[in-house]
Amino acid sequence: MKGKFIVLEGIDGCGKTTQINELYKWLPKSGLINKNRTLIKTREPGGSFLGKEIRDMILNNNKLNSPSILTELLLYSADRAEHISKVILPALQNGHWIISDRFSGSTLAYQGYGREISIDIIKKLENIVCQNIKPDLTIFLEISPEESILRRKNKVADRIESEGLDFLKKVNHGFKLIALENNWEIIKASEDLTSIADQIQKLLINKFSLNK
Ligand code: TMP
């Protein structure tokens, strides 16, 4: 498998989406990707055709009909299974590069540490769903839960974003542990956008320029 799989993770409002857009502009010009290969920008949930419908089902802010936490876990897992089979695996097998806004670390952080579903169950499910696909690089954009709420105060929150500060604290704590356990790259994301984009570019150059 010659393609590369890069993931950005972090709590809501950490700036992942902005940084992925920056990366999507910069990577094709960086010289890191072979000429006959392409770059795919994707996300979870919602990176596949079916996944878009699953995303609507999970994030729809209708409290009365919200899924149970087990259903929520299985929906995120179904989204990932479809994303891997239809988008990620075929692209990597053909040598293409992928940048994804979230991957399995988010399930461990949100459903494991946030919802407090057994980490063991989540890891077992991850083994089934991920079919040995592991990101080549995961970057954790770290901001505080308080900053996350402040940054999103004028935006309409989806069902997960509406959970509030205590939930976000648990998720953030989880992300920090997962990042250390899995040697993710950690970037303090309260700095300005350009400096964060620079740091991300340097990480990619260091990691990928020798083994194209
Ligand atoms: P997004 O807003 O970054 O696209 O993510 C959608 C929401 O889904 C976000 O609040 C985090 C949450 N989420 C989980 O709870 N578990 C997961 O496995 C994933 C991928 C996202």
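Just above, that's the structure.
Values in this document were obtained by computation on a predicted structure and should not be read as measured data.

*Asks:* An account of the overall build of the protein is needed here, citing residue identities and associated values.
*Replies:* Helices and strands together make up the secondary structure of the protein, namely eight helices and five strands. Ordered by position from the N terminus, the helices and strands of the protein form the series β-α-β-α-α-β-α-α-β-α-α-β-α. Here the protein has a C-alpha radius of gyration of 17 Å; the compact-globule value for 212 residues is 17 Å, and the two agree. Taken along its principal axes, the extent of the C-alpha atoms in the protein is 50 × 35 × 30 Å. Sequence-distant contacts, at least 24 apart, represent 79% of the contacts inside the protein between residues at least 6 apart. Accessible area of the protein: about 11000 Å², with a carbon and sulfur share of 53%. Taken as two groups, the 31 positive and 26 negative side-chain charges of the protein have centres that lie 5 Å from each other.

*Asks:* Give a description of the state of the cysteines that names residues and reports values.
*Replies:* Following the criterion strictly, the structure yields zero disulfides and no others. Left unpaired, C14 is separated from the closest cysteine sulfur, that of C130, by 20 Å.

*Asks:* How would you summarise helix α8 (residues 193-208) if you had to cite specific residues and measurements?
*Replies:* With 16 residues, α8 extends 22 Å between its outermost C-alpha atoms, agreeing within 8% with the 22 Å of an ideal straight helix rising 1.5 Å per residue. Every buried residue of α8 is accounted for by I196, A197, I200, Q201, L203, L204 and F208. Viewed end-on, α8 has its buried residues packed into an arc of 160 degrees, placing them on one side of the element. Residues of α8 that are exposed and point over 90 degrees away from its buried face: T194, K202 and N206. Residues of α8 that are buried make contact with β1 (5-9), α1 (16-30), β3 (97-101), β4 (137-142) and β5 (185-188).

*Asks:* Go over empty space enclosed by the protein, please, and point to the residues and values.
*Replies:* Taken as a whole and judged by the stated rule, the model has two cavities of 30 Å³ or more. Counted as a void, the largest cavity has a volume near 60 Å³. The wall of the largest cavity is formed by L73, S77, R80, S104, T107, I122, L125, E126 and V129. For the lining of the largest cavity, the secondary structure elements donating two or more residues are α3 (69-93), α4 (104-114) and α5 (119-130). Sorting elements by how many residues they give to the lining of the largest cavity places α5 first, with four residues. Here the lining of the largest cavity is built from residues that sort into four nonpolar, three polar and two charged.

*Asks:* Explain the pattern of salt bridges to me, using residue names and the numbers behind them.
*Replies:* Throughout the structure, instances matching the rule amount to 15 salt bridges. Close ionic contact of E9 with R102 constitutes a salt bridge, the shortest N to O distance being 4.0 Å. Here E9 is found in strand β1, whereas its partner R102 is found in the loop between β3 and α4, with 93 residues between them in sequence. Taking relative accessible area as the criterion, E9 reaches 1% and is therefore assigned buried. The exposure class of R102 is buried, given its relative accessible area of 10%. Bridged by salt links that share partners, the residues E72, R115, R159 and E163 form one connected network.

Conventions we followed
- Residues numbered from 1 in each chain as written.
- Predicted model: local features only at pLDDT ≥ 70, side-chain atom pairs only at ≥ 80, totals over all residues.
- Heavy atoms only, no water.
- Helix = DSSP H or I, 4+ residues; strand = E, 2+ residues; numbered from the N terminus.
- Rg over C-alpha atoms; globule rule 2.2 N^0.38 Å.
- Contact = heavy atoms within 4.5 Å.
- Areas by Shrake-Rupley, 256 points an atom, 1.4 Å probe, with all protein chains shown as cover.
- Lys, Arg positive; Asp, Glu negative; His and termini not counted.
- Charge placed at Lys NZ, Arg CZ, Asp CG, Glu CD.
- Disulfide = S-S within 2.5 Å.
- Expected span 1.5 Å × (residues − 1).
- Buried < 20%, exposed > 50% of the residue type's maximum accessible area, 1.4 Å probe, protein only.
- Arc of directions from axis to C-beta.
- 1 Å grid on protein atoms, 1.4 Å probe; cavity = no way out; pocket = protein on both sides within 12 Å on 5 of 7 lines; lining within 4 Å.
- Points joined across faces, edges and corners; volume = space filled by probe spheres on them.
- Nonpolar A, V, L, I, M, F, W, Y, C, P; charged D, E, K, R; others polar.
- Salt bridge = Lys/Arg side-chain N within 4 Å of Asp/Glu carboxyl O.

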